[in-house]
Amino acid sequence: MVNALDPQNMNSFSEASVSVEIETEDMTLNIGPQHPSTHGVLRLVAKVDGEKVHDVKPVLGYMHRGYEKLAEVRSYPQITTLVNRIDWVAGFSNEIPFIAGAERLMEIEVPERAKHIRLILTEMARISSHFVFNGAYALEVGALTPIFYAMEDRERVLDLIESVTGGRFHPNFNRIGGVKPAAGAGPTSKKNIQDLPAGFYRDTKVAMEKVIQAADQFQNLIGGNEVFKKRTKNVGVLTAETAEAYGVSGPILRASGVKSDLRTQTDYLPYDQFDYDIPVGENGDCYDRWDVRVKEMIESAKIVLQAIDSMPSGPLQAKVPKVIKVPQGRTYVRAENPKGEMGYYIVSDGGLGPYRLKVRTASFSNVSILPIMLEGALLPDLIAIMGSLDFVLGDVDR
Amino acid sequence: MTEVLIKVGFLAIVALNGAVIFTIMDVKGASWMQRRPGPLHVGLRGFIFPLAEILKFVQKEDIIPTEVDRPVFKWAPAYVMVSCVALFAVVPMSPTLVVADIELGVFFALAISSLGTIGVLTAGWSSANKYSLMGGLRAAGQLIAYELPLILAVVGVVIQAETMSLVGIVEKQIEWGVPFVVGGQIVGFLIFMVAATAEMMRVPFDMPIGESELTMGFMTEYSGIRFLIFYISEYMNMFILCAIASTLFLGGYHVPLLPTEWVNFYGPIVLLTKTAILGFILVAVRWSQPRFREDQLQNLAWKILIPASLVNILVTAIMKVGF
Amino acid sequence: MKTFKPKVPGFLIGIKIVIVNMLKTLSPFHSKPNVNYPFEKEKVAPRARGVIALDQEACTSCMLCARQCPDWCIYIEGHKELQPPSKPGGRQRSRAVLDRFDIDYALCMYCGICVEVCPFDALFWSPEYEYSEFNMGDMLHDKERLDDWLKTVPEAEGLES
């Protein structure tokens, strides 16, 4: 270390200075598996100096349930049941890419009505997931009431999903070739068609109007609030290059300025028939990530309203044999989940179930940027940044 | 001797009742703001739930972890409670209904209220828990930082009233005809309310408790009666600071147009009403705002509130001397 | 994208929204979003998956439901009985009789595959949900209990045109 008082080093007396370094040891803080804000059982081993975080190591795996192993011994309808528990907040959107992969291998053409129903339910799942994000993020930043408003408005959407499919979070409504056609296979159950129930259009219109109003209320209650802006603006800035390098996807990527939405490339759902915007952020900080999701909620509500007006009629499922065996082949299907990009890599050997199923989840890649973003952040910022990434541990650990 | 005992009993009853009223206002108000009914099945539509809470905490086991510093840990809640209850002694409910009308009433109140800092800091440090430690350190910084705007805002009132005794300040407001908040101390009032919210460690200044990060901060390791003392003294603190604010700025026990012979009867009611209105505003702020980060909090205190209060004193002094 | 910049300071709008919601909760003219369970129960959709009901007469122990269950939570045992012939001098027919049909609701994932594959109309969904027990062994519903749930199965409702 250069001694500043050494006469040879002093160019002029005005530059003389004494530097005293106080040696401090960092405290290792375990933001442990049980914590109010980690969205599940995520463990972060953080080296903290006072309030500043120096180094964060995430420890994953507390919620690993072994999906890929479970899928080796089960058939396609059974795996559909399991798979919507990966991202349990938006249950329906996990089933769709898996079934689309099997349909792609079998080369089945799905009827139009089934595609529209699938699209409506996927967008409702997206709205439901973003409601949870809005309420829970406000709770982590400190505002204690928006979560109640979010849950109240979300109940309407979940009731709609329940009236069509029978389940709120785990609908299990997709079948290879379309959606669930009838309640059973017996002589009378075959006639009990599981189409949209009476009153669905009216209730959906009411619910979507309320969703748009709720998004406006969130903008007023939280988005314009000075304290919230101070907590989230310029906090956790993620540049577009870093985001693309780490494989981050979904609203986080869009908030960093990259206009990439997989819905434009999805061919198994009719997104090209509808008119919607793709909200893109500027700075890539926590405020932009929050704002992008609120605007996405409004866009999803608009898509559902358009889809209801233009629902084609027709059968609910294509003609499939009674015992479905998917021919040999392999395929990878991508989808735009509410949390990011989800992908299924299915390897089939002609049997009742896949030979190998690999699940690529959005939250696993999103969590990988935590050590980069949390360098030098304060402890409250850590909570704000983690909340804005919107991951769910079921999605991370599968 | 009996007079002292009566006064102490009066203090205890008023303190507890104030805390209970504010608990009901906070919890029931929060429930209504969140579109839900709140505690319903405990008593008369749920309004006697503080009694149930007190009984629940009293009968719980008192858990003391092995590695704590035992004497410090045990006595920390006492500091906080003493600093709250002692404030009740100077607030007047009418010109004669006051426990002790000291000449230096305001000075006494501000000095005693800063004792609570020791309790919070020692509670955080002595619990052998890193999260409590962080809560205690944040609390130390916050409470000390916000003492200054609190004191400086009151100095403006003292200059305008020319006396430090609380009864004297109310009498001065009666003499002027308008309460001080209208008569020139509006800035002082706002500074006092912001600083008082920070002294009580309520949202938006509840970093030391920081519920979504530190799960109860410096109070994490406390259970049973010790936690009850912390909890009740938080609401007592809220009650008494709102009462002091309404005495200093809003005119205390006085309402124009009512006859002054009956002031011993309507004085307490008027003071309670004004305190409740201020408390309601604090409750609405608590349940709608996010919380500040620690450095933004300190920023607010040192760079915004203290200069504003110094300017307030300057302007008050000039107006007092000039007119 | 533009940051939301309201004309009135943000925290005042927040306080106003909160107080307006409080008045909405207190006023008798606004509907409440809460259901005072257990004194009031909310209306559940008829298709909701609450519990599975069994029609014993229709079941032929074909084991399709037990095989297709992802959790293998259905336990079936049956035997064949010889019935008297339908016309005199004819062949004796055999009929399957159910000994045991248990569904373990502690394992059941409420997916509905068993109801969907049954070819004999023996299993139905019912929206009943209040059957929690203190003892986990009581979550295994046997034949008689599953038969009881048949009374709660709703009619098939009307569809959107």
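Residues numbered from 1 in each chain as written. Chains lettered and ligands numbered in written order. Predicted model: local features only at pLDDT ≥ 70, side-chain atom pairs only at ≥ 80, totals over all residues.

1. A word on the overall build of chain A
- In terms of helices and strands, chain A carries 14 helices and eight strands.
- Considered along the principal axes of its C-alpha atoms, chain A spans approximately 100 × 50 × 35 Å.
- Looking at chain A as a whole, 52% of its 398 residues qualify as buried.
- At a minimum sequence separation of 6, the contacts of chain A that also span at least 24 residues come to 70%. (Helix = DSSP H or I, 4+ residues; strand = E, 2+ residues; numbered from the N terminus. Buried ≥ 20, exposed ≤ 12 C-beta atoms within 10 Å, placed from the backbone. Contact = placed C-beta atoms within 7 Å.)

2. A look at the nonpolar core
- A:Ile385, B:Phe192, B:Ala195 and B:Ile240 are the most contacted members of the largest nonpolar core, which totals 171 residues.
- Examining the composition of this core, we find that 15 residues originate from one element, helix H4 (residues 112-141) of chain A, more than from any other.
- Among residues more than four places away in sequence, those in contact with A:Ile385 are A:Val235, A:Gly236, A:Cys286, A:Met373, A:Leu374 and A:Ala377. (Core = buried A, V, L, I, M, F, W, Y, C linked by C-beta atoms within 7 Å.)

3. Let's talk about the interface of chain A and chain B
- Counting from both sides, the interface comprises 24 residues of chain A and, opposite them, 19 residues of chain B.
- Going through the elements one at a time, strand S1 (27-31), H4, helix H5 (146-165), helix H7 (226-232) and helix H13 (379-389) of chain A are the ones with two or more residues in the side of chain A that touches chain B.
- Looking at the side of chain A that touches chain B, its residues break down into 15 nonpolar, four polar and five charged. (Nonpolar A, V, L, I, M, F, W, Y, C, P; charged D, E, K, R; others polar.)

4. Points about the pairing of strand S6 (residues 329-336) of chain A
Residue and element names in this part refer to chain A.
- As paired strands, S6 and strand S7 (residues 341-348) are joined by eight bridges and run antiparallel to one another. Within S7, the position partnered with Arg334 by the bridge is Gly343.
- Where S6 folds back onto S7 in an antiparallel hairpin, the turn is made up of four residues, including Gly340, whose phi is positive at roughly 155 degrees. (Pairing = 2+ DSSP bridges.)

5. What about helix H6 (residues 200-223) of chain A?
- An ideal rise of 1.5 Å per residue puts 34 Å on 24 residues; H6(A) measures up with 32 Å between its terminal C-alpha atoms.
- By the burial criterion, the buried members of H6(A) are A:Thr204, A:Ala207, A:Met208, A:Val211, A:Ala214, A:Ala215, A:Phe218, A:Leu221, A:Ile222 and A:Gly223.
- Turning to H6(A), the residues buried within the fold contact H4, H5, H7 and helix H10 (286-309) of chain A together with helix H1 (10-26) of chain C. (Expected span 1.5 Å × (residues − 1).)

6. Structural notes on the sheet that holds S7(A)
Residue and element names in this part refer to chain A.
- Strand order in the open sheet formed by three strands is S6-S7-S8, with antiparallel pairing between adjacent strands. Bordering the open sheet on either side are S6 and strand S8 (356-360), each of which pairs with just one other strand. Strand-to-strand twist across the sheet, computed as the mean angle between neighbouring axes with direction ignored, equals 10 degrees.
- Helix H3 (residues 92-106) rests against S6 and S7 of the sheet, and its axis sits at about 145 degrees to S6. (Axes fitted to C-alpha atoms, helices over the stretch in contact; angles between N-to-C directions.)

7. Some points on helix H3 (residues 70-85) of chain B
Residue and element names in this part refer to chain B.
- The largest bend in H3 amounts to roughly 30 degrees and is located at Ala76, with the proline Pro77 lying one to four residues further along.
- Taken residue by residue, H3 has Phe73, Ala76, Pro77, Val80, Ser83, Cys84 and Val85 as its buried positions.
- Against the buried residues of H3 lie helix H1 (2-33), helix H4 (105-113), helix H5 (116-126) and helix H10 (225-248). (Bend = angle between axes of the 7 residues up to and from the residue.)

8. Quick look at the interface of chain A and chain C
- Contacts between the two partners involve 42 residues from chain A and, on the opposite side, 36 residues from chain C.
- Residue assignment for the side of chain A that touches chain C shows that the elements contributing at least two residues are helix H2 (76-83), H5, H6 and H7 of chain A.
- For the side of chain A that touches chain C, the element with the most residues is H6(A), which contributes seven residues.
- A class-by-class count of the residues in the side of chain A that touches chain C yields 15 nonpolar, 19 polar and eight charged.

9. Focus on the sheet that holds strand S2 (residues 43-49) of chain A
All names here are of chain A.
- A sheet is described by the order of its strands in space; here three strands give the open sequence S1-S2-S3, paired in antiparallel fashion. Each having just a single partner strand, S1 and strand S3 (52-59) make up the two edges of the open sheet. Across the sheet, the axes of successive neighbouring strands diverge by a mean angle of 25 degrees, strand direction being ignored.
- With five bridges joining them, S1 and S2 adopt antiparallel strand pairing. Bridge pairing in S2 links Thr28 to Lys47.

10. What about the confidence of the model for chain C?
All names here are of chain C.
- This prediction gives chain C a mean pLDDT of 83; 94% of its residues lie at or above 70.
- Confidence, read as mean pLDDT per element, is least for strand S3 (residues 93-104) in chain C (84) and greatest for strand S1 (residues 51-54) (89).
- This complex was scored by the predictor with a pTM of 0.88 and an ipTM of 0.84. (pLDDT = per-residue confidence, 0-100.)

11. Regarding unusual backbone geometry
- Put simply, C:Tyr37 and C:Pro38 share a cis peptide bond, and its omega is 5 degrees.
- Counting through the fold element by element, C:Pro38 comes out in the loop between H1 and S1.
- Phi angles above zero are rare outside glycine, and A:Glu107 is one such case at about 60 degrees.
- Although it is not a glycine, C:Tyr110 adopts a positive phi angle of roughly 60 degrees.
- Mapping C:Tyr110 onto the fold places it in the loop between S3 and helix H3 (113-117).
- Under the C-beta neighbour-count criterion, C:Tyr110 is labelled partly exposed, with 16 such atoms within 10 Å.

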